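# Structural overview for review
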Protein chains: 4
Amino acid sequence: MGSTGRVGRPPAGDSAETRRRILHAARIRFARDGYRATTNRLIADDVGITPGAIYHYVESKAELYAAVYCDTVDHVYTDFERVVAGERHLLAQFSAVLERACDLQMNDPSITGFIVAVAQETQRHPDLLALLSPQRGRHSRFFTGLVEAAAERGELQADVDQRALADLLGAVLSGLARMSAAAGDPKRYTAAVEVLERFFDGSLVSVRS
Amino acid sequence: MGSTGRVGRPPAGDSAETRRRILHAARIRFARDGYRATTNRLIADDVGITPGAIYHYVESKAELYAAVYCDTVDHVYTDFERVVAGERHLLAQFSAVLERACDLQMNDPSITGFIVAVAQETQRHPDLLALLSPQRGRHSRFFTGLVEAAAERGELQADVDQRALADLLGAVLSGLARMSAAAGDPKRYTAAVEVLERFFDGSLVSVRS
Amino acid sequence: MGSTGRVGRPPAGDSAETRRRILHAARIRFARDGYRATTNRLIADDVGITPGAIYHYVESKAELYAAVYCDTVDHVYTDFERVVAGERHLLAQFSAVLERACDLQMNDPSITGFIVAVAQETQRHPDLLALLSPQRGRHSRFFTGLVEAAAERGELQADVDQRALADLLGAVLSGLARMSAAAGDPKRYTAAVEVLERFFDGSLVSVRS
Amino acid sequence: MGSTGRVGRPPAGDSAETRRRILHAARIRFARDGYRATTNRLIADDVGITPGAIYHYVESKAELYAAVYCDTVDHVYTDFERVVAGERHLLAQFSAVLERACDLQMNDPSITGFIVAVAQETQRHPDLLALLSPQRGRHSRFFTGLVEAAAERGELQADVDQRALADLLGAVLSGLARMSAAAGDPKRYTAAVEVLERFFDGSLVSVRS
DNA sequence: CATGAATGAGACTTCATTCAT
DNA sequence: CATGAATGAAGTCTCATTCAT
């Protein structure tokens with residue numbers, strides 16, 4: 001909106017700050033509404049600028065998505081890699097990741113919301129794929145790497161399908177994140193993770209028949 | 001079939017048949033590309049009609065989505081309710097549902113693909129919510145019902161958060177379905193479910209320390 | 001515009017006729033204002049439709065240009081080829097072409113106006129080139145062909161640069177067409193051609209000193 | 001140079017020099033890409049400044065065009081007037097102009113390229129007309145003046161349409177300039193002029209039957 | 001003198017939807 | 001029942017221009 005019909009440079013616009021606000025607003029919208037339904041106007045309105053101004057910071061909507069992806073993947077997987085480093089076993093690592101994701105979720109649900117939607121969006125908008133590929137590796141190899149390491153440590157039965165296990169872990173994490181996004185309540189993620197932990201340690205079911 | 005005892009119309013170019021084909025094509029598109037990116041033209045092209053003709057069968061794109069939802073929810077939960085009726089314990093019921101979903105997935109990935117996307121789509125396009133609500137109950141109360149029944153049977157510790165458990169089960173199922181959709185390969189769903197089953201019966205990890 | 005805010009199919013729109021009117025309006029605009037300055041809205045206003053309606057007839061503005069090109073090149077060079085067939089010598093052929101171009105010019109100045117602008121437009125908008133290339137040959141080889149034939153008939157000194165001669169003939173024709181377009185008066189083309197003819201037959205200058 | 005006896009300013013980063021570079025870059029762009037497709041940013045990039053800086057030197061893009069026009073017309077017609085002064089007959093004067101234009105063309109094709117596009121641009125962007133009119137006279141009356149003088153010298157048959165002859169000469173010159181611009185090769189201008197000269201002196205055609 | 005953030009108008013294009021036929 | 005011409009709103013993006021710094 002810009003408050004007045006004024007034109008020209010605003011009194012004291014901090015450029016880096018504006019960029020951050022654009023990326024932040026974009027992540028929230030992309031996470032909640034998806035790539036397609038997120039219009040430049042919605043993002044611009046959230047930031048308090050006009051749609052065209054976005055093009056001072058990114059070259060296109062697709063590049064905006066890629067910029068958000070870059071930021072967010074870096075943030076999330078740096079975190080995840082740190083917490084798994086503190087654990088020795090696959091299940092403990094997975095638990096630690098789930099808990100770290102809880103924190104992220106409570107702190108800013110758009111972070112996990114964005115990440116878990118990426119796979120769908122790239123499938124729906126193949127032009128995004130090319131822009132994201134430089135960073136895709138880190139994302140897609142996280143659970144694969146965890147499982148491989150566990151196998152090397154001899155934690156798994158020899159005949160386990162490693163890709164399927166990595167798929168499972170990823171699916172559980174993203175299923176939970178999406179559930180809480182759909183519920184609009186990050187606490188439901190936390191609660192569900194707690195139930196899952198109880199399942200792991202056997203305190204869920206009353207009697208095992 | 002069954003709505004009216006229609007008689008005498010030629011079998012080819014049948015109106016009810018055309019409606020079915022529209023709903024089917026729409027489900028595939030909605031599941032793969034999402035509500036927004038699915039245009040009437042794409043659906044019409046798949047069916048072999050023109051976009052305007054869709055309006056003979058539904059009043060709007062949103063109502064088309066609702067019609068698909070109605071059909072699909074009915075199909076899926078009738079199936080699911082049937083298989084859970086054959087099991088006595090929550091975990092067995094969940095396993096049965098996962099296996100039934102495997103079959104659906106192999107048979108027509110658009111069925112589960114559509115269902116697991118509904119929550120996101122209604123959040124992204126709130127106008128869909130009103131049209132879907134008549135049928136939302138069945139969908140959202142499925143796992144809740146399973147968990148409640150298990151609690152009544154005394155299968156759960158008394159302090160278990162039932163909604164969280166239902167959320168967890170739903171999240172795992174939809175996480176798996178989405179993973180396989182993203183992978184574009186229903187067999188990865190099957191494989192991941194097999195790993196999950198091995199987790200249940202303890203044959204996944206080599207040694208429990 | 002559309003006279004009323006009505007929507008839906010107009011009472012009796014002849015589709016082929018509308019297409020012709022779009023191409024015609026587009027040719028006039030392209031010839032006078034150039035590709036860039038010619039907006040879909042201007043064309044649509046000329047035709048009495050909305051800008052989006054153009055996309056029922058062509059896939060893009062560039063394809064509209066190509067369609068106009070196709071039509072116009074065909075029209076012009078069919079004419080030109082017919083008149084040169086009636087003449088034996090290069091100069092007579094060129095005169096015949098100039099005269100035929102007079103008629104075209106008087107009849108519809110946008111025809112020659114469009115043709116003589118094509119080279120510039122394709123240079124300025126390289127994406128047009130690809131769309132036009134299927135038809136470019138006819139255009140670019142017309143004078144080349146005339147000159148080659150004249151050389152084969154032995155009309156030219158052996159050392160004449162044939163490409164330069166073809167360039168000259170093309171330049172004179174298009175220079176004249178453009179002059180009259182700039183003047184906004186087709187009669188100035190006719191008058192200039194008459195002067196040129198008098199130059200050919202020696203009745204221009206009063207005495208050669 | 002010469003406007004004011006500027007003294008003491010450092011030679012580098014000189015304001016007048018920057019203005020010259022802007023005008024030069026603008027002429028090249030205007031000549032090659034046209035007024036519309038030439039953006040302030042392209043010009044600024046060529047010069048090594050930012051688009052906003054252009055507004056320190058001219059008040060608008062249209063005035064920039066006018067400034068280029070002013071410079072270029074002055075340059076070209078001062079040249080042309082000098083060479084025609086050395087000739088006695090219309091045809092010789094025209095030849096001299098064609099040859100001088102050859103030199104210009106080889107030296108800096110943007111000069112003639114700009115000039116021959118002016119008529120079109122003013123037609124396409126009527127707002128330019130007002131800004132150019134102060135200088136239009138020199139341009140439009142050059143060949144008119146030549147022809148009038150020739151008529152006064154008795155070189156022409158009495159019934160010759162003088163405006164048409166001036167139109168013809170202008171059309172030939174600008175047709176040739178444009179042809180070479182389209183070909184992207186100034187040598188084709190030179191070659192075509194040579195052929196035209198051979199036409200004048202009768203050494204083009206092998207036999208006049 | 002110059003930058004660069006920002007605007008606002010407007011371009012091309014897509015699409016759900018309508019309706020005469 | 002179906003077509004297909006047409007609309008109008010909206011979306012992405014471009015660009016001349018302004019102005020605080």
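Coordinates for the structure precede this section.
What this report covers is the structure whose coordinates are included nearby.

Quick notes on the rules
The residue numbers shown here count from 1 along each chain, following its written sequence. All chains are assigned letters beginning with A, and all ligands numbers beginning with 1, in the order in which they are written. Only residues with pLDDT of at least 70 get local features here, since the model is predicted, and only at 80 or more are side-chain atom pairs given and counted; chain-wide, interface and lining totals rely on the full set of residues. The side-chain figures draw on all heavy atoms in the structure; neither hydrogens nor water molecules are used. Throughout, a contact is declared for two residues whenever any of their heavy atoms are within 4.5 Å. By salt bridge we mean one thing: a side-chain nitrogen of Lys or Arg within 4 Å of a carboxyl oxygen of Asp or Glu. Side-chain atoms alone can form a polar contact between residues adjacent in sequence; in general such a contact is a pair of N or O atoms within 3.5 Å, and within protein one must be able to donate a hydrogen while the other accepts it. Working definition: helices are DSSP H or I runs of at least four residues, strands are E runs of at least two. Numbering for both runs from the N terminus. Charged residues are taken to be Asp, Glu, Lys and Arg, nonpolar residues to be Ala, Val, Leu, Ile, Met, Phe, Trp, Tyr, Cys and Pro, and polar residues to be all remaining types, Gly included. Alignment of the copies relies on least squares applied to C-alpha atoms, considering only residues that score at least 70 for pLDDT in both. Classification of residues uses two cut-offs on accessible area relative to the type maximum, computed with a 1.4 Å probe and protein chains only: under 20% is buried, over 50% is exposed, and between them is partly exposed. The directions considered for the arc run from the helix axis to the C-beta atoms. Under this scheme, a helix contributes an axis fitted over its contacting stretch, all axes are lines through C-alpha atoms, and angles between N-to-C directions fall in the 0 to 180 degree range. Working definition: roughly parallel below 35 degrees, roughly antiparallel above 145 degrees, roughly perpendicular at 65 to 115 degrees, and oblique for all remaining angles. Every helix has an expected span of 1.5 Å times one less than the residues it contains. To obtain the bend at a residue, axes are fitted to the seven residues ending there and to the seven starting there, and the angle between these axes is taken. Patch members must show over 30% relative accessible area and no salt bridge, and they are joined within 9 Å when carrying like charges or within 5 Å when they are nonpolar side chains of Val, Leu, Ile, Met, Phe, Trp or Tyr. All accessible-area figures derive from a Shrake-Rupley calculation using a 1.4 Å probe, and residue coverage is judged against the displayed protein chains alone. Charged-residue counts in this description rest on Lys and Arg as positive and Asp and Glu as negative, His and the chain ends being excluded. A charged residue contributes its charge at one atom only: NZ of Lys, CZ of Arg, CG of Asp or CD of Glu.

### Quick word on the interface of chain C and chain D
Contact residues are listed per partner, giving 50 residues for chain C and 51 residues for chain D. At the junction of chain C and chain D, the tally comes to six salt bridges. Among the ionic pairs, Glu121 of chain D bridges to Arg124 of chain C, the shortest N-O distance being 4.0 Å. Remark: the boundary between chain C and chain D carries nine residue pairs in polar contact (both at pLDDT 80 or more). Looking at the side of chain C that touches chain D, the elements with two or more residues in it are α1 (15-37), α5 (109-124), α8 (162-183) and α9 (186-200) of chain C. Considering each element in turn, the side of chain C that touches chain D owes the most residues, 13 residues, to α8 of chain C.

### Considering the interface of chain A and chain B
Size of an interface, as often reported, equals the accessible area lost when the parts are brought together. The interface of chain A with chain B comprises 50 residues on the first partner and 51 residues on the second. Summed over the shared surface of chain A and chain B, the number is six salt bridges. On inspection of chain A and its partner chain B, the count reaches nine residue pairs in polar contact (both at pLDDT 80 or more). Contributing elements (two or more residues each) for the side of chain A that touches chain B: α1 (15-37), α5 (109-124), α8 (162-183) and α9 (186-200) of chain A. Take the side of chain A that touches chain B: its biggest share by element is 13 residues, from α8 of chain A. Grouping the amino acids of the side of chain A that touches chain B by side-chain chemistry returns 26 nonpolar, ten polar and 14 charged.

### Focus on the relation of the copies chain A and chain B
Copy one and copy two of the chain differ by a rotation about an axis and a translation along that axis. Under the fitted operation, chain A is carried onto chain B by 0.0 Å of movement along the axis and a turn of 178°, and the coordinates agree to an RMSD of 0.3 Å. Expressed as an axis order, the relation between the two copies is that of a two-fold axis. Of the C-alpha atoms belonging to chain A, the one lying closest to the rotation axis is found on Gly175 of chain A, 2.0 Å away. Here 100% of the contact residues of chain A are again contact residues in chain B; the copies associate through an equivalent surface.

### Considerations on the arrangement of the chains
Chain A shows no contact with chain D. Their nearest C-alpha atoms sit 11 Å apart. Separated throughout, chain B and chain D approach each other most closely at a C-alpha pair spaced 33 Å apart.

### Observations concerning the relation of the copies chain C and chain D
Turning chain C through 179° and shifting it by 0.1 Å along the axis lays it on chain D, with an RMSD of 0.3 Å. Same-surface contact between copies: 100% of interface residues of chain C are shared with the interface of chain D.

### Some points on helix α2 (residues 40-47) of chain C
Note on helix geometry: an α-helix contains 3.6 residues per turn, so any two residues three or four positions apart are oriented the same way. Residue and element names in this part refer to chain C. Regarding α2, the residues found buried are Asn40, Ile43, Ala44 and Val47. Relative to the axis of α2, the buried residues are bounded by an arc of 100° and lie together on one face. Where α2 is buried, its residues meet α1 and α3 (61-85). Just downstream of α2 lies Gly48, where phi reads positive at about 90°.

### A word on the packing of helix α4 (residues 90-107) of chain D against helix α5 (residues 109-124) of chain D
Residue and element names in this part refer to chain D. In the contact formed by α4 and α5, the axes pass within 5 Å of each other and the chain directions differ by 115°. Classed by the angle they form, the pair α4 and α5 counts as roughly perpendicular. From α4, Ala101, Leu104, Gln105 and Asn107 reach across to α5, where they touch Pro109, Ile111 and Thr112. Residue composition of the contact of α4 with α5, by class: four nonpolar, three polar and no charged.

### Considerations on α1 of chain C
Compared with an ideal rise of 1.5 Å per residue, which puts 23 residues at 33 Å, α1 of chain C spans 26 Å between its outermost C-alpha atoms and falls more than 12% short. The sharpest bend along α1 of chain C measures roughly 85° and falls at Ala31 of chain C.

### Overview of a negative patch on the surface
Taken together, Glu87, Glu99 and Glu194 of chain A together with Asp161 of chain B make up a surface patch of like negative charges. Relative to the assigned elements, Glu99 of chain A resides in helix α4 (residues 90-107). Residue classification places Glu99 of chain A among the partly exposed residues on the basis of a relative accessible area of 45%.

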